[in-house]
Amino acid sequence: MSRSYAIRTYGCQMNVHDSERMAGLLEAAGYTKSDSDEADVVVFNTCAVRENADNRLYGNLGHLRPVKDARPGMQIAVGGCLAQKDRSEIVRRAPWVDVVFGTHNVHALPVLLERARHNAIAQVEIAESLEVFPSTLPSRRESAYAGWVSISVGCNNTCTFCIVPSLRGKEKDRRPGDVLAEVSALAADGVLEVTLLGQNVNSYGAEFGDRGAFAKLLRACGDVDGLERVRFTSPHPRDFTSDVIAAMAETPNVCPQLHMPLQSGSDDVLRRMRRSYRSARYLSIIDEVRAAIPHAAISTDIIVGFPGETDADFEATLDVVRDAKFANAFTFQYSPRPGTPAATLPDQLPKAVVQERYERLVALQEEISWAANRAFEGQIVEVLVSKGEGRKDGATRRMSGRARDGRLVHFAPGEAGSAAIRPGDVVEVAIGYGAPHHLVADGPVLSHRRTRAGDAHEAGTRPGGAPTTLGLPVFGAPEPVAAAPGCGTRT
């Protein structure tokens, strides 16, 4: 009998994509997917960025202990950034864990599970550097209409608040031809939208000596048949160049959306964060983007309460937020992460001060976001219908999806109903109401285009997105990709 698996994912898009690879590896090894906590194998793909990541993991492991005790043969594996950081400490604190693996050896998961079962002892294996590029591994894609594509892993920056470089390692760039081969394979399987992933996508190409590689990659994605939307995350302001902005503006399927972390509007704080740009440079990039793409939706990340942040520093952040007019901002209260330089800085701020500043920033950004979304009232937008993004869709009898600029849109399917409009289909709707965090269209659906992605979602199939290997950097059309047996019908 085949054994079942379940994967719980925490953290960023990189982790989400890594989980798709873990699922592909397990299914290639004969496991079947389960959504139950009582799966034969439960894998935790962890994040180490937030302060409560440790507590969350060990709390969840504690809840699973009686389940495992009652089910002989059940296995628990812990991977991801927290595993890379804590290593054997995980087994010491939770001795019922069977496997611990890191960010550099995802490919070893099936072997470690089998070894732990055979030897009846926990297997802890943490590699110090990348052994196999994740994108060469099998994948079980979660979406029929949107796919993640890694263009690099790791990061060469040294931000004082960030633990990611020590856990993900130095930046390793994929061959452009391999990236394009994967993008083309996904599009051939009906995927309409691809998001290019990297810790710092703008530095892509530095490893093989081409500083213009990312702009070239965006333009090359514009030539992929059937690919309607291209997004990317995340760029670093230090490496943002005019050729990337021109590629965004001139490539029709690159979406008018930019997520670019600010972190702070204070030049003094940016210096202590070791962020190699200043607020004036950041705002100049936004001005250049908006000059080339006036309707671009720009979002950001901001940390409140970094050590030594003064009232004047925080006011400088508010000033930049007012000037930038972000469509959305992901705001975080600073929390020290052991192993980062910032954790040992003097002048750690009291919780009450950080909370008060955080609330003021959230209130300001919500006001800006709401005004921007109200400006959409009466406009017609194209929506790629998605699944699971509208948590209240069942109660409101709406469906949800993303506009080209990334805004979340809730709409009424009308007489056609949700049976006719499927996730992966494309609709046009008129916006009736702009809320701070989404748009609402309760009028009739103006147009509905059924797509191959919608067909695949309805049939329960998922794209293959055939794995590709590392090689020498080249551009241009990728070599033809031979369809793997069953390509496009993998479940």
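What counts and how
- Per-chain numbering applies: the sequence of each chain, read as written, is numbered from 1 onward.
- Reporting of local features is limited, given that this is a predicted model, to residues whose pLDDT is at least 70; pairs of side-chain atoms are given and counted only at 80 or more, and all residues count toward the totals for whole chains, interfaces and linings.
- Water and hydrogen atoms play no part in the side-chain values, which are based on all heavy atoms of the structure.
- In the sections that follow, a salt bridge refers to a side-chain nitrogen of Lys or Arg positioned within 4 Å of a carboxyl oxygen of Asp or Glu.
- Helix and strand definitions follow DSSP, with helices as H or I runs of at least four residues and strands as E runs of at least two, each counted in order from the N terminus.
- With a 1.4 Å probe rolled over the protein chains alone, any residue whose accessible area is under 20% of its type maximum counts as buried; one over 50% counts as exposed, and the rest are partly exposed.
- Two strands pair if DSSP finds at least two bridges between them.
- Axis definition: a line fitted to C-alpha atoms, limited for helices to the stretch in contact. Angles are taken between N-to-C directions and run from 0 to 180 degrees.
- Between two residues, a contact is recorded if the distance between any of their heavy atoms is within 4.5 Å.
- Angular relationships are summarised with four words: roughly parallel below 35 degrees, roughly antiparallel beyond 145, roughly perpendicular across 65 to 115, and oblique for the angles in between.
- Should the near helix be turned anticlockwise from the far one by less than a right angle, the crossing is termed left-handed; should it be turned clockwise, right-handed.

Visitor: Describe the pattern of salt bridges, and please don't skip the residues or the numbers.
Guide: Within this structure, the stated rule accounts for 39 salt bridges. The closest approach of N and O atoms between Arg 115 and Glu 125, which form a salt bridge, is 3.4 Å. A residue pair is termed long-range when its members are at least 10 positions apart, and Arg 115 in helix α5 (residues 109–119) and Glu 125 in strand β6 (residues 123–125) qualify at ten residues. Exposure remark for Glu 125: the relative accessible area of 28% places this residue in the partly exposed category. When the shortest N-O distance is used, the salt bridge between Asp 442 and Arg 398 registers 2.7 Å. Placement of the pair is Asp 442 in the loop between β20 (439–441) and β21 (447–449) and Arg 398 in the loop between α14 (393–396) and β16 (399–403), with a sequence separation of 44 residues. The exposure class of Asp 442 is partly exposed, given its relative accessible area of 47%.

Visitor: Run through unusual backbone geometry, naming residues and quoting values.
Guide: Where the residue is not glycine, phi is negative for most of them; where a peptide bond is considered, it is trans in most cases. Note that the residue after Thr 233, namely Ser 234, is joined by a cis bond; omega there is -5 degrees. At Arg 397, a residue that is not glycine, the phi angle is positive and equals roughly 60 degrees. Mapped onto the elements, Arg 397 comes out in the loop between α14 and β16. A residue is classified by how much of its surface remains accessible, and Arg 397, at 73% relative accessible area, is exposed.

Visitor: Quick rundown of the sheet that holds strand β14 (residues 328–333)? Include the residues and the values.
Guide: The three strands lie next to each other as β12-β13-β14, forming an open sheet whose pairing is parallel. Of all strands in the sheet, those with a lone pairing partner are β12 (257–259) and β14, marking the two edges. Each strand of the sheet is rotated relative to its neighbour by a mean of 10 degrees, with strand direction disregarded. By the bridge criterion, six bridges tie strand β13 (residues 297–304) to β14 in an arrangement that is parallel. Its bridge partner being in β14, Val 304 is matched across the sheet by Gln 333. Sheet strands in contact with helix α13 (residues 351–374) are β13 and β14, and its direction is about 175 degrees off that of β14.

Visitor: For helix α8 (residues 213–221), give the residues involved together with the corresponding values.
Guide: Buried residues dominate α8, accounting for seven of its nine residues. If you check which residues of α8 are buried, you get Ala 213, Phe 214, Ala 215, Leu 217, Leu 218, Ala 220 and Cys 221. Where α8 is buried, its residues meet α7 (176–188), β10 (193–197), β11 (229–233) and α9 (242–250).

Visitor: Would you mind going over the packing of α9 against helix α11 (residues 279–292) in detail, with residue names and values included?
Guide: Here α9 crosses α11 at 30 degrees, and the two axes come no closer than 9 Å. Taken together, the axes of α9 and α11 are roughly parallel relative to one another. Regarding α9 and α11, the two cross each other, and that crossing is right-handed. Only Ile 285, Glu 288, Val 289 and Ala 292 of α11 make contact with α9, whose side of the interface consists of Ser 242, Ile 245 and Ala 249.

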